[in-house]
Amino acid sequence: MELLQVENLSIELLPGKYQQAGRLLVKPVSFSIRAGEILALVGESGSGKSLTSLALMRLLPEALAIRSGRVQLAGTDVFDLTEAQMNSVRGRMAAMVFQEPQSSLNPVQTIEQQIGEVLRLHKGLSGAALREKIISLLHEVGINDAEQRLGWYPHQLSGGQKQRVVIAIALACEPQLLIADEPTTALDVTIQKQILELLNELRRKRQLAVLLITHDMGVVAQMADRVAVMRYGEIVEQAAAREFFAAPKHEYSRALIHSLPDRRHFLSAPAQSEPLLQLKDVRVWFAQRKGILQRVVGHTKAVDGISLSIGRGETLALVGESGSGKSTAGRAILSLEPLAGGELYFAGERIDQLSQRQFLPLRKRIQVIFQDPFSSMNPRMNVRDILAEGMIALKVEPDAEKREQRLQVLLQRVGLEVAHLDRFPHEFSGGQRQRLAIARAIAVEPELIICDEPTSALDVSIRGQVLQLLQELQQEMGLSYLFITHDLSIIPHLAHRVAVMKDGVIVEQGDTEQIMTAPQHDYTRSLLASVPVSPV
Amino acid sequence: MNELVSVMNELMSIKPVVLWSDVLIYILVVSLGLFFYQLSKNPLARQRWRTVFHSRAGVASFIVILFYLLIALLDSLHYRAPLEKTEGSDEVHYSQEVHSLLDVVLTELRNKDEKTYSAPFAIYSFAKENMQTDDGVVYRDFPRLANAGQHLESAAEHGMDIFVRSMKALLVAAFISAVIIGLHIAWRKRQHSLQSGLAGVRTLPWGTIYLTLSVLVLSCCWVLELSKVYHILGTDKVGQDVLYWSIKAIRTGVLIGTLATLLTLPLAIVLGISAGYFKGWVDDVVQYIYTTLSSIPGILLIAASVLLIDVYIETHPEQFNLVAVRADFKFLALCFILGMTSWTGLCRLLRAETLKVSQLDYVQAAHAFGVGHNRIIFRHILPNITHIILIALVLDFSVFVLAEAVLSYIGVGVDPSMASWGNMINEARSELSRDPVVWWSVAAAFVLMFVLVLAANLFSDRVRDAFDPRSA
Amino acid sequence: MLAYIIRRLLYALPILLGVNLLTFALFFMVNTPDQMARVQLGDKHVSAEAIEQWKAQRGYDKPLFINTAENSEGLLTDTIFFEKSARLFVFDFGKSDEGRVIGADISERMWPSLAVALPTFIIGISVNIVFALFVVMFRASVFDTAAMVLCVVLLSISGVFYILAGQYFFAKLWHLVPISGYLGGTDAIRFLILPVIIGVVAGIGGGTRLYRTLFLEEANKDYVRTARAKGVSETAVLFRHILPNGLIPILTSVVVVIPSLFMGSLLIESFFGIPGLGSYTLDAIQAQDFAIVRSMVFLGSVLYILGLILTDISYTLVDPRVRLS
C-alpha cells in the first residue's frame, strides 16, 4: 500500500517584480513511498527537490504556486483540504526535518516549549503527561540528561543536538511520513553518521515512510531503498537502490555515482625530495579577554603545535572537522595570521619572522584558493582585472600586451574562453568561478597553493572536474598543494599524504593508503567509519 | 521681439555672482552625470538600477525629483543687475540684490506685489481699507488688487475666467505633451526596428514616464497661464506673491537635502573605512569620536552651533558684504552641522560593512597577492560598500528637508532673508490665529515640501530594495 | 554582568569628557566671551566697561584653563573650564546667563516634559506594533500594499503640519481641547490629550513601516517554517513565534531613548505651551542663553549614554542568546 502518492506535481514561480511571465521550476513529477520505506530524492542545488517537498506540505513560499498535480497521503488528497484541515495533517500525519539545525529552532523558546507545542496541538497533552512524553522523546532521539535539558534554549545545544531536537519535534505525534530535507548536510561527518543511524532506526521501529532529500550520493547509498534522481525540475531516473547503483540508466546518474570515492586506488607518493614547506610546532592562539579592564585571561588555541612538511610536486591533505583549526593553519602559512610560536620554513628559509614587506617575494611563490567561489572574487571587477591584479602587484608581467596574451592562455588552460575576460564574476557558475580562482592563483606561477576546501561548495558532478584540473596542473607545473578539507571521500585520488587534525593538533599523518586502509588513531577510524561507501 | 532685445541687453551687462552653494550644486549635477556614465559601464550596478527604474513608483518619483533639481539649478545661476548710471560717472554700479535665472523666468510673479494679504485667486484684498468714491465719500471695503484680475469688468466674470484660462492651459499642455511623447514613440519605434533582436528585453515603464511628464507639463502650463493675471497662491503679509516664494524655496530644500549628507560624507567614509579596515587603535579612536558626537542630542548640537555662527556673523560683518552672501554662509554652515549630526550613523554602518567585506575571501586573496592597503581600499572595499553610502544619501534627503522646516521654526534654521519652506511655516504661527485664517502661505509650503519628500521617500524605498542585500 | 556594567560606566567617562571639551571649545574658544557679551548687549558700540561688567557678573572674566594669577589651589579651579564645564560632572549646572539656577529649573520642568513624552512613547510604540502586526497578518495582499503607501504618505508629511492641523481642528474649530497651556495635577490631562495624540499620529507612518520590516524579517526565518510544518495555524505562528522574536529588536532599539524622555520635545512643548525642558531649551536658544544650552547638551549626553547601557541590559533580559561579558 502506497502511503504517499505524488502524481504530476508541477510548481511555478509566479510572475512578479522581476519577471513578467511565470516559470515552471518543477515540471510534472510523480513518485510514491510505502510505509517503512526510504525514498531518496537526489539532485544538485537548484534541481527542485526541496521545492517538491515543501509543496507536499503546502508550505511553498508566497512567490511560488502549485501549478498542477495531485498528492495523496494515506488516501486523502492533500490539495483538497482546507488550510485548517491541512494544519492537522502537518506535524501529525506528515512531519519535516530541515537542513539547517542552527536556524530551524525558535531562538527564544525552550526545548520543552517547542516540542510541547506540537504535542499540545495534536495530542492535547498537558501537565505531567506532556512533560513525560517530551522526556521520552528526547531519550528516543538520543539526548542525554533530557530532564535537565528541557529548560535549555537552542543556542545552548550543539548542531547535532539541535538536529536531534528537530527530529524529536517531527516524530512527536507519530507521523506516518517523514520528509527529511538534507538533514545532515550542515553537520560534521561523525555527527552525520549518528543522525543517519537514528533516522534509520526510527524508520524501522515505527514503520515510517521517509522522503530523504539529499545531494550526497554517500548518504543515498547508505540509507535509501529506492532512488529518484532529479535534475532541472524533472525526475530523470527512478529505481530501487540496488539496481540503481549496479546499473544506472541515465547518464547523469552515472556521473553522480562516479563521484563516489574509489577506495582501491591510491596515489603513490612522489620520490621524496627536500621539503618545500615545513611547519615545526606551529601555534596560532587567539587572546580571550575578560573583566573590567579586558585583560587577557587565556587563549583559544586554534592551532596548538603542528608539524608537517610538503615536498615539491606533492599534495598533502589536511583533514578535520569544522573548528579543528585546519583553515587557521592555512592562513598562518600565508602570513595572514600571526604565529604564537613555532617555525615556518619555505624552500629551506625561515619565513615566520618576516615583515609584510619582506614576505612580499614569497607571495608570488605561495598562493591560495578559497572555499566559496561566490565571495572569492570582487563582484565589481571584471575577469581581466581580477586575474591581472596579482600579476601587477607582484610584478610578474609588467608589460600590458604580454600580460593580456598570458591571460588568454591561462583562461583557455583552465577550460574557459578568451571572451570571458570582459565578463564579471556573477555571470559565471560556481564551477566556472572556481576555475577562475585557480587561474588567478597560477597566474603568478607559484610553487605551493593552499587549497582551502576548494570543492566543498560545488555540486558533486562539477567537483570531479575541478579536482581533475588541479591534478593536471600539478603534473604540468610541478605544483605542491596543501589541500584543506573535511571531505575524506575526495582524498584517495587526490592526495599523496594525509594529516588528520582535531582540536588544533595533528593526531595522525602518513601516506594516503596507510591512513585510508590502516588508520592508527581512534579519531581517524571514526572519521573513516562515518564516510558513506558505495555499495558496489 | 523688443522684449528679447532688452533681455539680451540686460544679459550683456549683468555681473555674475557665484555663491559657494552654487558651486556645490554645479558639482552635484556634474557628479550625477558622471555617476550615470559610470553606471553604463558596470553591468552589476546597471542591473540593480534597472530594478529601480523599471518600477513605476521609482521612475515617476525620479522624474519629480529631477524637476525639483532643475528648478534648484535654475535658481543657482546668480547675477547682479547693473544700476542706472549716475550722471557724470562711467563706473557701473551693481544692485545689492542678487537674482537668479529663475527670477528672470518668474519676473512677472516677482514684480506683482500687493499691499498685504490676499487669498488665492482673489481679486479683492484680504483687509479692508478706507477708500473714497468719485464724489468724495469715504467708505471702508475690500479694495481691488493692483496686480490680479484687473482685466475683469466685474467679480461675476471671475469664475468663468479661471475656467476658460484653465482650459486654455490644458489645451496647450496637451499639445506640448503630445508632441514630446509622439516624437519619442516614433524614435523608439525606429530604435526598435534597428535592434529587433532584443525584443524580449523588458523596457522601462514608458506609460508612467509619459504620464508623469504630462502632469508636470500641465501643472507648469496652468501655473504660468493663470499666474499672469492672478496670485494663484495668494500673497503674504507684505503683499508678495506666495507662489514665487514657495518656488524660490525649492532650491533651499533640495540643497539642504543633498549637501547636508554630502558635506560630511568624506569624513564618514574616511573614518568608517579606516576603522573597519585597520582595526586596533584606529578603530578605538574612531569609535570614540562617533560615540561622543552621537551622544549629544542632535537638535541641541545644531542649536548650539547655529547660535555660535550667528555670533560669528554679527562680530565679523566685514566678511559678508551682501545679504545673499551672509545667508549663503549661514546656509552652508547649517548644512555642515546637520551633516555632523548624521554622519556618525553612516560612519558606524560603513565601519561594520568594511569589517565584513575585509573578511571576505577576495580581500584575503588580494592580501595573498601582496596588494597594498590603498589599492585594496580603493579597488576592493570602497566599490563594495558604495551601496550603503547611496542608501544613506537617499534616506537622509527627506529627513533633512523635513528637518529644515522644524529648525527654521525653532529659530536655528536658514537665514530669515532666504526663501525657505521653514521660514514660510514659521510665519504661519501668527497667520493661523487670525480670523479668518490665512492658510495659503503655510499650505503652499507644506504641499511643495510634501511632494518633494514623498518622491524622495518612494525613490529611496526602491533604491533600498534594489541595493540592500537584506531586503532582497 | 556587574563587571560589564562597571566597565560600561567607566567607558562613559571619557565620552562625557569629550562632550564636555567639545561644548567648552564651541562656547568659549570658537567665540570668546567678549563676542558673546557684545551680541548679548545688542549695541555694536558698547563700552568696554559694559562688556567687562557683563562677563564679571556671569563669571566669564576668568582665564580659560589655567589661572596664573592664583596660587596652587586656584590655579586650575578658578577658571572658566572648571567653573562652567568640570562642575557639570557632579550635575552642578550653575546659573543661567539671566541669573536663574539651572539645576532647580531642570528638576521642576522635567515633570511636565515626562507627562507628555512618556504617554506618547508608550502609546506610540503600542499602536505601531499593533498596526505592524495587522499589516504583517495580511502580508503580500492589496491591504499590505495600501497600508505601506499610506505609511509613506504619512511619514512624508512635516511634523509641524500635524501640530498645526491638530490645533486648528481639535482646538480652534471644534473646541474639544484647549489650544495650549498647562496646569498641574489632574487638570493636566485636558492639556495633554492633544499633544499626545499628535505625537503618536506623527510617528505612525515611520514606526509601522519599520516594525513591519522587522516582523517580516522574522517571518522569513527557518524556525517559522518549522512551526508551520508542525501544523501551527497562521495566527498562532504570528503571535507565538514571529511576535516574540520581532519584539526583541523593537524593544531594545527603543530603550535607548527612555532616559531622554525627560528632555521632552522642543516642538510639541513650545507649540502647546507646556512648561517642560523642551520649551525651556527652546526659550534658551531663542534668548541666546548659552549657560542653559550648555547644561542641556551635557544632560542630553548623560541620558543618552545611560540609554545605551540600559539597551545592553535589556538585551540580556529579553534575549536568552545574549549574555554580557
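Here the structure is shown first, and the text comes after it.
Model, not experiment: these values are computed from the prediction.

Definitions and cut-offs
- Residues numbered from 1 in each chain as written.
- Chains lettered and ligands numbered in written order.
- Predicted model: local features only at pLDDT ≥ 70, side-chain atom pairs only at ≥ 80, totals over all residues.
- Heavy atoms only, no water.
- Contact = heavy atoms within 4.5 Å.
- Buried area = accessible area lost by both parts, 1.4 Å probe.
- Salt bridge = Lys/Arg side-chain N within 4 Å of Asp/Glu carboxyl O.
- Polar contact = N/O pair within 3.5 Å; in protein donor to acceptor, adjacent residues only side chain to side chain.
- Helix = DSSP H or I, 4+ residues; strand = E, 2+ residues; numbered from the N terminus.
- Buried < 20%, exposed > 50% of the residue type's maximum accessible area, 1.4 Å probe, protein only.
- Phe/Tyr/Trp six-rings, centres within 6.5 Å; stacked < 30°, edge-to-face > 60°.
- Pairing = 2+ DSSP bridges.
- Axes fitted to C-alpha atoms, helices over the stretch in contact; angles between N-to-C directions.
- Core = buried A, V, L, I, M, F, W, Y, C linked by side-chain atoms within 4.5 Å.
- Domains from an automatic or database assignment.

Enquirer: Give me the interface of chain C and chain B: which residues, what numbers.
Expert: A common way to express how large an interface is: the accessible area buried when the components associate. Listed by partner, the interface residues are 45 residues for chain C and 47 residues for chain B. A combined buried area of about 3,900 Å² lies between chain C and chain B, and 73% of that area is made up of carbon and sulfur atoms. Summed over the shared surface of chain C and chain B, the number is one salt bridge. Taking the shortest distance from any N to any O, the salt bridge between C:Arg209 and B:Asp461 comes out at 2.7 Å. The tally of links from chain C across to chain B stands at seven residue pairs in polar contact (both at pLDDT 80 or more).

Enquirer: Explain the pattern of salt bridges to me, and be specific about the residues and the numbers.
Expert: Pairing between side chains becomes possible if they bear opposite charge and their charged atoms approach one another. For the coordinates displayed, the defined rule picks out 58 salt bridges over all chains. A:Arg203 is paired through a salt bridge with A:Asp225; the nearest N and O atoms lie 2.7 Å apart. One end of the pair, A:Arg203, is in helix H7 (residues 189-206); the other, A:Asp225, is in the loop between helix H8 (217-223) and strand E9 (226-231), and 22 residues separate them in sequence. With relative accessibility at 8%, the residue A:Arg203 sits in the buried group. Looking at A:Asp225, the relative accessible area reads 30%, which means it is partly exposed. For the salt bridge of B:Arg165 with B:Asp161, the shortest nitrogen-to-oxygen distance reads 3.2 Å. Taken together, the residues B:Arg165 and B:Asp161, both in helix H7 (residues 158-194) and four residues apart, mark about one turn of the helix.

Enquirer: With reference to specific residues and values, describe the packing of aromatic side chains.
Expert: Summed over all chains, the structure comprises 22 aromatic pairs over all chains. Ring geometry for B:Trp49 versus B:Phe53: centroids 5.7 Å apart, planes at 25°, classification stacked. Highlighted residues: B:Trp49 and B:Phe53, both in helix H3 (residues 43-53), separated by four residues, approximately one helical turn. Here B:Trp49 matches B:Phe53 in class, with each residue buried. Ring centres of B:Phe446 and C:Phe161 lie 4.9 Å apart, and the angle between their planes is 85°; on these two criteria the pair is classed as edge-to-face. Of this pair, B:Phe446 sits in helix H16 (residues 440-467) while C:Phe161 sits in helix H8 (residues 159-173), placing the two residues on different chains.

Enquirer: Give me the sheet that holds strand E1 (residues 2-13) of chain A: which residues, what numbers.
Expert: One key point about sheets: their strands pair by backbone hydrogen bonds, in either a parallel or an antiparallel sense. Residues and elements named next belong to chain A. What the four strands build is an open sheet, ordered E2-E1-E4-E5; its pairing is antiparallel. For this open sheet the edge positions go to strand E2 (23-34) and strand E5 (76-77), each flanked by a neighbour on one side alone. Pairing between E1 and E2: eight bridges, direction antiparallel. Across the sheet, leucine 13 pairs through a bridge with arginine 23, a residue of E2. Contacts from helix H1 (residues 49-56) reach E1, E2 and strand E4 (64-73) within the one sheet, and its direction differs from that of E1 by about 115°.

Enquirer: I'd love a proper account of the nonpolar core, names of residues and values included.
Expert: Proteins that are soluble and globular tend to have nonpolar side chains buried together. B:Trp49, B:Trp421, B:Ile425, B:Phe459 and C:Met296 are the most contacted members of the largest nonpolar core, which totals 224 residues. Looking at this core element by element, the count peaks at 19 residues for helix H14 (residues 373-410) of chain B. No fewer than three residues from each of domain 1 (2-90) and domain 2 (102-318) of chain C sit in this core. Residues within four places of B:Ile425 in sequence aside, it is in contact with B:Ala405, B:Val442, B:Ala445, B:Phe446, B:Met449, C:Val160 and C:Leu164. Within the second largest apolar cluster, 40 residues are counted, among which are A:Leu130, A:Ile169, A:Leu171 and A:Leu212.

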